[in-house]
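Now for the letters of each chain:
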Amino acid sequence: MHGTEALTFKKGLKDGLPICLGYISVSFTFGMMATQGGLPLWAVMLITMSNMTSAGQFAGTELILSGGHYIELVVTTFVINIRYMLMSLSLSQKVDGAMTSLQRLVLSFGVTDEIFAVAMKQDGSIGARYLLGLILTPYTGWTLGTLLGGTATCLLPVSVRTALGIAIYGMFIAIIVPPAKHTRPVALAIAIAVVLSCLFRWTPFLNRISGGWVIIICAVVASAYAALRYPVDDPEVQE
Amino acid sequence: MNYPRILICTFLMALVTYIIRMLPLAIFRKKIHNRFIRSFLAYVPYAVLAAMTFPEILYSTGNPYSAVFGLAAALLLAYRDKGLLTVALGSTAVVFVVEQVMGFFS
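Counting restarts for each chain: residues are numbered from 1 in the order of the written sequence. To read the labels, note that chains go from A and ligands from 1, taken in the order they are written. Residues qualify for local features only when their pLDDT is at least 70, as the model is predicted, and side-chain atom pairs are given and counted only at 80 or more; totals for whole chains, interfaces and linings, by contrast, use all residues. The basis for every side-chain value is the complete set of heavy atoms in the structure, and neither hydrogens nor water enter the calculation.

Q: Is there a simple way to think about the overall build of chain B in this case?
A: The number of helices and strands found in chain B is four helices and zero strands. With the radius of gyration taken over C-alpha atoms, the globule rule is written as 2.2 Å times the number of residues to the power 0.38. In terms of overall size, chain B is more extended than a compact globule, its C-alpha atoms giving a radius of gyration of 21 Å where 106 residues would be expected to give roughly 13 Å. Three labels apply to residues, based on accessible area from a 1.4 Å probe with only protein chains included: buried if under 20% of the type maximum, exposed if over 50%, partly exposed otherwise in between. For chain B, with 106 residues in total, the buried portion stands at 47%. What makes two residues a contact is simply this: any of their non-hydrogen atoms within 4.5 Å. Counting contacts in chain B only where the partners sit at least 6 residues apart, residues at least 24 apart contribute 38% of the total. The Shrake-Rupley method, run with a 1.4 Å probe sphere, supplies the accessible areas, and residue values consider only the shown protein chains as cover. Carbon and sulfur atoms make up 72% of the accessible area of chain B, which amounts to about 5,400 Å² in all. Each helix corresponds to a stretch of at least 4 residues labelled H or I by DSSP, and each strand to a stretch of at least 2 residues labelled E; elements are numbered beginning at the N terminus.

Q: Explain the overall build of chain A here, please?
A: Each helix and strand counted, chain A has 13 helices and zero strands in total. Ordered by position from N to C terminus, the α and β elements of chain A give α-α-α-α-α-α-α-α-α-α-α-α-α. Relative to the 2.2 N^0.38 estimate, which gives 18 Å for 239 residues, the radius of gyration of chain A is 19 Å and therefore close to what a compact globule would have. Each principal axis of the C-alpha atoms in chain A carries an extent, and together these give about 55 × 45 × 35 Å. The proportion of buried residues among the 239 residues of chain A is 53%.

Q: Teacher, can you tell me more about helix 3 (residues 64-79) of chain B here?
A: An α-helical turn contains 3.6 residues, so any two residues separated by three or four positions project in the same direction. Residues and elements named next belong to chain B. Helix span is expected to be 1.5 Å times the residue number reduced by one. Compared with an ideal rise of 1.5 Å per residue, which puts 16 residues at 22 Å, helix 3 spans 22 Å between its outermost C-alpha atoms and is within 8% of the ideal. Where helix 3 is concerned, the buried positions are Ser-66, Ala-67, Gly-70, Leu-71, Ala-73, Ala-74 and Ala-78. Each buried residue of helix 3 lies within a common arc of 165 degrees when the element is viewed along its axis, so the set occupies one face. N or O atoms closer than or at 3.5 Å make up a polar contact, with two conditions inside protein: a donor-capable atom paired with an acceptor-capable one, and, for residues adjacent in sequence, both atoms drawn from side chains. The residue sitting at the N-terminus of helix 3 and contributing the capping side-chain oxygen is Asn-63; that oxygen lies 3.0 Å from the backbone nitrogen of Tyr-65. When we speak of the arc, we mean the arc of directions from the helix axis to the C-beta atoms.

Q: It is not clear to me how unusual backbone geometry should be interpreted in this structure. Could you clarify?
A: Excluding glycine, a negative phi dihedral is what most residues carry, and trans is how most peptide bonds are arranged. Geometrically, the link from Phe-54 of chain B to Pro-55 of chain B is a cis peptide bond, its omega value of -5 degrees lying close to zero. Here the phi dihedral of Met-52 of chain A falls at roughly 40 degrees; this positive angle occurs in a residue that is not glycine. If you trace the backbone, Met-52 of chain A turns up in the loop between helix 3 (41-51) and helix 4 (54-66). In this model, Phe-205 of chain A sits at a positive phi of 75 degrees, which is unusual for a non-glycine residue. Structurally, Phe-205 of chain A is set in the loop between helix 12 (184-202) and helix 13 (211-229).

Q: Would you mind showing me how to read the nonpolar core here?
A: Across soluble globular proteins, nonpolar side chains show a tendency to be buried alongside one another. For the purposes of this section, nonpolar cores are sets of buried Ala, Val, Leu, Ile, Met, Phe, Trp, Tyr and Cys residues that join through side-chain atoms within 4.5 Å. The biggest cluster of nonpolar side chains holds 81 residues, and the ones touching the most others in it are Leu-91, Ile-126, Leu-131, Leu-134 and Ile-173 of chain A together with Val-48 of chain B. Here Leu-134 of chain A is in contact with Gly-12, Leu-13, Asp-15, Gly-16, Ile-19, Ile-115, Val-118 and Ala-119 of chain A, once residues within four sequence places are set aside. By size, the runner-up hydrophobic cluster in this structure holds 13 residues, among which are Phe-30 and Ala-34 of chain A together with Cys-9 and Leu-12 of chain B.

Q: For this particular structure, what's the right way to read the confidence of the model for chain B?
A: Where the model shows low pLDDT, its predicted coordinates should not be examined in detail. Residue and element names in this part refer to chain B. Scored from 0 to 100, pLDDT records how confident the predictor is in each individual residue. For chain B, per-residue confidence averages 91 on the pLDDT scale, and residues scoring 70 or more make up 99% of the total. Helix 3 holds the highest mean pLDDT among the elements of chain B, 97, whereas helix 2 (residues 35-53) holds the lowest, 87. The ipTM, which scores confidence in the relative placement of chains, is 0.85 for this predicted complex, and the corresponding pTM is 0.74.

Right, here's the structure in full:
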């Protein structure tokens, strides 16, 4: 494969490290918010370990605390997390054909924005071992951060915590900018998505649409347009 | 606290999130050969991340001013092909410094 480092379990663990660090600050905030809102620590840990999704579990927890209805909870979770469906679909074309059903059932639990992004960045197809490693390190960080946030509430000064809010987005920028520099269609897809997303955010009425839908709409429109305009030639060299 | 309710809510959230993630990966076992869909899926990661980052990044810190500096730092570092961690921590550091300076003058 292109002479790059093999995609082993160990490489997965290593590639998951930056995500893990980013997750600690996000889940730290979650742990604080949830315990301060009145949830017992065991419930906070249970939510964090069974969901592993930032926006989705933040919103869900707020609904639990504010006494939202079950239906409301299900719909909110669905809408906020619907983008994972697109990611999972994209990932299904990236994973090794030899991946078993059981492996798919287990690994799909760990599809998050960041893990998806790093997985798609690799050359060629990815196997179960690599993906497992790539999920384990962030999962550990996610769990640990929640625990720290839930127990030692004021461990990090507020100034550091607000600054860390940008870390995840910095990571996303590091993923999308380099390919955009060399590939015009990628730059086009990104530009369309950015413009649409800003429109949805800043236009009256449109800004009432939930963020989960906005991401789906922007990504579908931008990718479809780029795909029509610049179809990708079959890249199946190593299959 | 109503423990059964917390448990049911947690279960529902986890279930919905899992089904969304699991279905496509479990169902689409074969490579899709349709050229349009293949191209579409190739652009999806970039479009998704772009839509998630903008304009949300401007609201991710203490105030929009520090966020703009952080964004500029991230773009510059990423343009120079720096790694994920470097860009993430670099922009965080810039935001931190800008917010300290602003706090000093306010």
